[in-house]
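# Structural description and commentary
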Amino acid sequence: MATPSVMSSLSRRSLSTRPHALRSARPLRSSGFSQQSVQRTARRSYADAAPAPKPKKGFRFLRWAWRLTLLSGLGLTGYVAYSVYELRHPIEQIGPDPTKKTLVILGTGWGSVSLLKKLDTENYNVVVISPRNYFLFTPLLPSCTTGLVEHRSIMEPIRNITRQKNAYVKFYEAEATKIDYEKRVVYISDDSEIKGDISKTEVPFDMLVVGVGAENATFGIKGVKEHSCFLKEVGDAQKIRTRIMDCVETAIFKDQTEDEIKRLLHMVVVGGGPTGVEFAGEIQDFFEEDLKKWVPEIKENFKVTLVEALPNVLPMFSKQLIDYTESTFKEEAITIRTKTMVKNVTDKYIEAEVTKPDGTKELETIPYGLLVWATGNAVRPVVRDLMSQLPAQKNSRRGLAVNEYLVVNGAENVWAVGDCAITNYAPTAQVAGQEGAFLARLFNTMAKTEAIEDDLKRLSESQAQAKSPEERNQIFDEIRERQKQLRRTKQIGPFQYSHQGSLAYIGKERAVADISWLSGNIASGGTMTYLFWRSAYLSMCFSTRNRVLVAVDWIKAKMFGRDVSRE
């Protein structure tokens, strides 16, 4: 039991601590805080401690899409920068080796350049001969005629290609005038305006690739060469571009007659293949988007006509795409004249034989201001001369007949690619490019084969001189290994063309495409196909430099329109 003194001390202690408890329970008014502010502080502390709400799925997708776009842009910029740096800083090359074979390549077209691009030039002494020192991206040539793309944008200097190879490649800007098969010599001539002391010379070869292409076929029709514009080279596109503006400016000249105005503003295209169809679409676009804005006087008389001897245009495309192209041309006011065969050409009109629906034929006169001839190929004189030297080529008419390895029939160590070679495939840029790539693989394989055979010969001599069984067995193991390599190397098969599809622009930002897919084809046409057409051609351009220049030209034309000044 507690004593009174202890009880009194406990009471005093509890009384002394009670005021502190009471003070702590009172509102803190002396410090300037109210009960409401304390509650707000507590709510904020709770909100900070609570997890943040997750963003919606749509916003998450946009965020990741933005990140992916940013990374893709950075990657593309890095790739372009590296490509430009690599182009601007060529490597040191290996010099010519007199012990190696001399490989002469004629031409700088699709087949020859595709071969040169993939060839291991350190295996041969390579010589390239061509009258033009550049590669031309021909699918975009119709766009150059109206100024949509500048011609320099689709030209790749050949030295940008040869200078990037590991071994030195000699280039001569000259015309191959004759190939002497017996002497293994190519005769060349400098046809430039500025000549040195030597205008003609000869180039010996051990191996020869003929890739000189073909000429424009006129089918013996009188007046075609004198009065038509072709569409194969840069000069052709420049000539057409000048001729278009000449016709326009002359048509609006003072006191011009009505009939003469209609003639001058009538643009006629002969040939219903991809080149003729694309040019017709391009020139109609030029009129609709630019010419009639800046020269409104020609609005009522400007006319485009496409002439084709066959029953329909684009014969290599499916029926539904042919119908779509014809309906689009009708919508664009482009006239299609099928079953119309040109018989004579003058400076102001063409005479054509028209087949009527009942089968009867009649001769019709079609006046024109501009005539573009886009039909067929003919053999070049240098190819015709080589064919005359080879008895096995006596039945060939359209070019050099070749076997499944593209070797010219009746010749040794002579190959042909592109439009000058007769194969089972159409003479297109796609075929020529694949032929050139095949020859590069073949030549690389041949060089490896020769190197392995030389090793086998050396090892056989070493085995005969071996002094011990162990050394002889070791050499024999090496011989067996080289023989395995030789069998693997010689397994390259004959050339087989893989058709990737056909594309054609038909105007009004529309295109048609017949694309090979798995075991069948996909046929499409319209604006989305046009975007695919542009992306496909942009990716097919030879170099990053070409891709950038073409893209910039497209952007300039979209922003400022095509240039209507006459050069």
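Residues numbered from 1 in each chain as written. Predicted model: local features only at pLDDT ≥ 70, side-chain atom pairs only at ≥ 80, totals over all residues. Heavy atoms only, no water.

This part is about the overall build of the chain. Across its full length, the chain holds 16 helices and 24 strands. In the chain, buried positions account for 41% of the 567 residues. At a minimum sequence separation of 6, the contacts of the chain that also span at least 24 residues come to 65%. Just so you have it, the chain exposes about 32,400 Å², and 55% of that area is on carbon and sulfur atoms. (Helix = DSSP H or I, 4+ residues; strand = E, 2+ residues; numbered from the N terminus. Buried < 20%, exposed > 50% of the residue type's maximum accessible area, 1.4 Å probe, protein only. Contact = heavy atoms within 4.5 Å. Areas by Shrake-Rupley, 256 points an atom, 1.4 Å probe, with all protein chains shown as cover.)

Another aspect to go through is the sheet that holds strand E2 (residues 125-130). Here five strands make up an open sheet; going across it, the order is E5-E2-E1-E9-E20 and the pairing parallel. The open sheet is flanked by strand E5 (169-173) and strand E20 (414-416), the only strands paired with a single partner. In this sheet, adjacent strand axes meet at a mean angle of 15° when their direction is disregarded. As judged from the four bridges shared by strand E1 (residues 102-106) and strand E9 (residues 207-210), these two strands associate in the parallel manner. Residue pairing for E9: leucine 103 is matched across the bridge by methionine 207. (Pairing = 2+ DSSP bridges. Axes fitted to C-alpha atoms, helices over the stretch in contact; angles between N-to-C directions.)

This part is about the nonpolar core. When a protein is soluble and globular, its nonpolar side chains tend to lie buried together. In terms of nonpolar packing, the biggest core is built from 62 residues, with Ile154, Phe302 and Leu370 touching the most fellow members. Ranked by residues supplied to this core, first place goes to helix H8 (residues 234-251) with eight residues. Counting residues domain by domain, this core receives three or more from each of domain 1 (102-212 + 381-419 + 425-442) and domain 2 (234-378 + 498-560). What leucine 370 contacts, discounting residues up to four positions off in sequence, is Cys229, Ile240, Arg243, Ile244, Cys247, His266, Met267, Val268, Phe279 and Ile283. Leu103, Ala176, Val408 and Val431 belong to the second largest nonpolar core, which has 59 residues in total. (Core = buried A, V, L, I, M, F, W, Y, C linked by side-chain atoms within 4.5 Å. Domains from an automatic or database assignment.)

Now for the pairing of strand E12 (residues 303-307). Among the five residues of E12, four are classified as buried, and the element is accordingly described as predominantly covered. Direction of pairing for strand E11 (residues 266-270) relative to E12: parallel, over a ladder of five bridges. If you follow methionine 267 over to E12, its bridge partner there is valine 304. After leaving E11, the chain enters helix H10 (residues 274-294) and then returns to the sheet as E12, a path that is right-handed. Examined bridge by bridge, E12 and strand E13 (residues 334-337) share four bridges and lie parallel to one another. Of the residues in E13, the one forming a bridge with threonine 305 is threonine 335. (Right-handed = clockwise from strand over helix to strand, strands pointing away.)

This part covers the pattern of salt bridges. Enumeration over the complete set of coordinates arrives at 18 salt bridges. Across the salt bridge formed by arginine 510 and glutamate 331, the nearest N and O atoms sit 3.1 Å from each other. Residue arginine 510 is located in strand E23 (residues 510-517), and its partner glutamate 331 is located in helix H11 (residues 319-331); the two are separated by 179 residues in the primary sequence. The buried category is assigned to arginine 510, whose relative accessible area is 17%. Taking the shortest distance from any N to any O, the salt bridge between lysine 356 and glutamate 362 comes out at 3.1 Å. The class of lysine 356 is partly exposed, set by a relative accessible area of 29%. Of the residues examined, glutamate 362 reaches a relative accessible area of 39% and is grouped as partly exposed. (Salt bridge = Lys/Arg side-chain N within 4 Å of Asp/Glu carboxyl O.)

What follows covers the sheet that holds strand E7 (residues 185-189). Strand order in this open sheet of three strands is E6-E7-E8, and the pairing throughout is antiparallel. Looking along the sheet, the strands with just one partner apiece sit at the ends: strand E6 (175-180) and strand E8 (200-204). Averaged over all pairs of adjacent strands, the angle between their axes in this sheet comes to 25°, without regard to strand direction. Bridge analysis of E7 against E8 gives five bridges, and the strand direction is antiparallel. Counterpart to valine 185 in the pairing with E8 is proline 204.

Quick look at H8 now. Between the first and last C-alpha of H8 there are 26 Å, a value that for 18 residues agrees with the 26 Å anticipated at 1.5 Å per step. Every buried residue belonging to H8 is among Val234, Asp236, Ala237, Ile240, Arg241, Thr242, Ile244, Met245, Cys247, Val248 and Ala251, and all of these are buried. (Expected span 1.5 Å × (residues − 1).)

Where nonpolar side chains cluster on the molecular surface, the patch consists of Trp66, Leu70, Leu71 and Leu74 and spans about 470 Å² of accessible area. With respect to the helices and strands, tryptophan 66 occurs in helix H3 (residues 57-88). (Patch = residues over 30% accessible without salt bridge, like charges linked within 9 Å, V, L, I, M, F, W, Y side chains within 5 Å.)

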